[in-house]
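Here are the chains, one letter per residue:
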Amino acid sequence: VSHHTQTRDGIVLIQDEHHFTHENCPPTIQLGKFSVAFPEPVFAIHTVHKGKVLLKEPKSNEQLVRQPGTDSFAHYEEFVIEQSVMTSQSIFTTGLIIPVSQLIQLLDDEFVGMLFERLNISTINTYGLFQIPPSISKMLENCVDHTMRDTLKELQLQARVLDYLCSLALHLDAIIVPP
């Protein structure tokens, strides 16, 4: 099951759930190779709420095992990635993509610069993994009621994204002492 919610200002929320019947399932299933070029730079967040996801960058051949407790943050203009899932349990993930220009409008240039610096993604097409408290990651898990009308879903998504970003910034302030 996959849910996509997009606001008029370009914020995209993608939530995916995968359930497996264990009798005939291999240990991993490749979901695909994804190649994405955005019209402008974006701030991307990927959270695994349940299960294990394997990500592989074809250029570096680096493979990451993503699971609850470690979130991925990126500053992309484009990316290519291969994604597989481990079938030992169900998978539930959330992806959030925010155009950097919209992020600056919502917050401000200085705040976005500080956020990117603390996440080590100031350079375009970079990503970083951080241990984020479940209380913060969970904010993205339930950020939209998919039964609402589109306009209300957009408004709810914007409000919850701002709440999440504020909680993330407070957490980063508490664990990273500025130079």
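Bear in mind that the values here come from a model prediction, so they are computed numbers and not experimental data.

We now examine the environment of Phe43. Looking at where Phe43 falls in the secondary structure, it is placed in strand E3 (residues 28-50). Considering only alpha carbons, one finds Phe43 and Phe116, 73 residues apart in sequence, at a separation of 8.8 Å. The residues contacting Phe43, other than those within four sequence positions of it, are Phe73, Ala74, Leu96, Ile97, Ile98, Val100, Leu103, Leu115, Phe116, Leu119, Ile121 and Leu165.

The next thing to look at is the packing of aromatic side chains. Applying the stated criterion across every chain yields a total of five aromatic pairs. Seen in terms of ring centroids, Phe38 and Phe79 are 6.1 Å apart; in terms of plane orientation they differ by 35°. Their pairing is tilted. Here Phe38, found in strand E3, pairs with Phe79, found in strand E6 (residues 70-86); they are 41 residues apart in sequence, far enough to count as distant. Overall, the relative accessible area of 21% leaves Phe79 in the partly exposed class. The interplanar angle of 40° and the centroid separation of 5.4 Å between the aromatic rings of Phe43 and Phe116 together place this pair among those described as tilted.

Counted as a void, the largest pocket has a volume near 690 Å³. Considering the residues around the largest pocket, the lining is formed by 29 residues, among which Ile14, His46, Phe79, Ile81 and Gln83 are closest to the centre. Elements supplying a minimum of two residues to the lining of the largest pocket: strand E1 (2-6), strand E2 (12-18), E3, strand E4 (53-57), strand E5 (62-66), E6 and strand E7 (91-99). The leading source of residues in the lining of the largest pocket is E3, at seven residues. Its residues assigned to classes, the lining of the largest pocket shows 16 nonpolar, nine polar and four charged. Together, Ser35, Val36, Ala37, Glu57, Pro58, Lys59, Tyr76, Glu78, Phe79, Val80, Asn125 and Tyr127 line the second largest pocket. Secondary structure elements with two or more residues in the lining of the second largest pocket: E3 and E6. Top contributing element to the lining of the second largest pocket by residue count: E6, with four residues.

Residues in a regular strand project their side chains so that they alternate between the two faces of the sheet. Relative to E5, E4 runs antiparallel, the two being bridged by five bridges. When the bridges of E5 are listed, Lys56 appears paired with Gln63. Here E4 runs beside E6; their pairing, made up of four bridges, is antiparallel. From the neighbouring strand, Val53 faces E6, where its bridge partner is Val85.

What follows concerns the nonpolar core. Judged by nonpolar contacts, the single largest core of 26 residues is most densely connected at Phe43, Phe73, Leu96, Ile98, Leu119, Tyr164 and Leu165. Mapped by element, the contributors of at least two residues to this core are E3, E7, helix H1 (100-106), helix H2 (109-118), helix H3 (134-141) and helix H4 (150-175). No other element matches the six residues that H4 contributes to this core. Among all residues touching Leu119, those that are not within four sequence positions of it are Phe43, Phe73, Gly128, Phe130 and Leu172.

About the criteria used
- Residues numbered from 1 in each chain as written.
- Predicted model: local features only at pLDDT ≥ 70, side-chain atom pairs only at ≥ 80, totals over all residues.
- Heavy atoms only, no water.
- Helix = DSSP H or I, 4+ residues; strand = E, 2+ residues; numbered from the N terminus.
- Contact = heavy atoms within 4.5 Å.
- Phe/Tyr/Trp six-rings, centres within 6.5 Å; stacked < 30°, edge-to-face > 60°.
- Buried < 20%, exposed > 50% of the residue type's maximum accessible area, 1.4 Å probe, protein only.
- 1 Å grid on protein atoms, 1.4 Å probe; cavity = no way out; pocket = protein on both sides within 12 Å on 5 of 7 lines; lining within 4 Å.
- Points joined across faces, edges and corners; volume = space filled by probe spheres on them.
- Nonpolar A, V, L, I, M, F, W, Y, C, P; charged D, E, K, R; others polar.
- Pairing = 2+ DSSP bridges.
- Core = buried A, V, L, I, M, F, W, Y, C linked by side-chain atoms within 4.5 Å.

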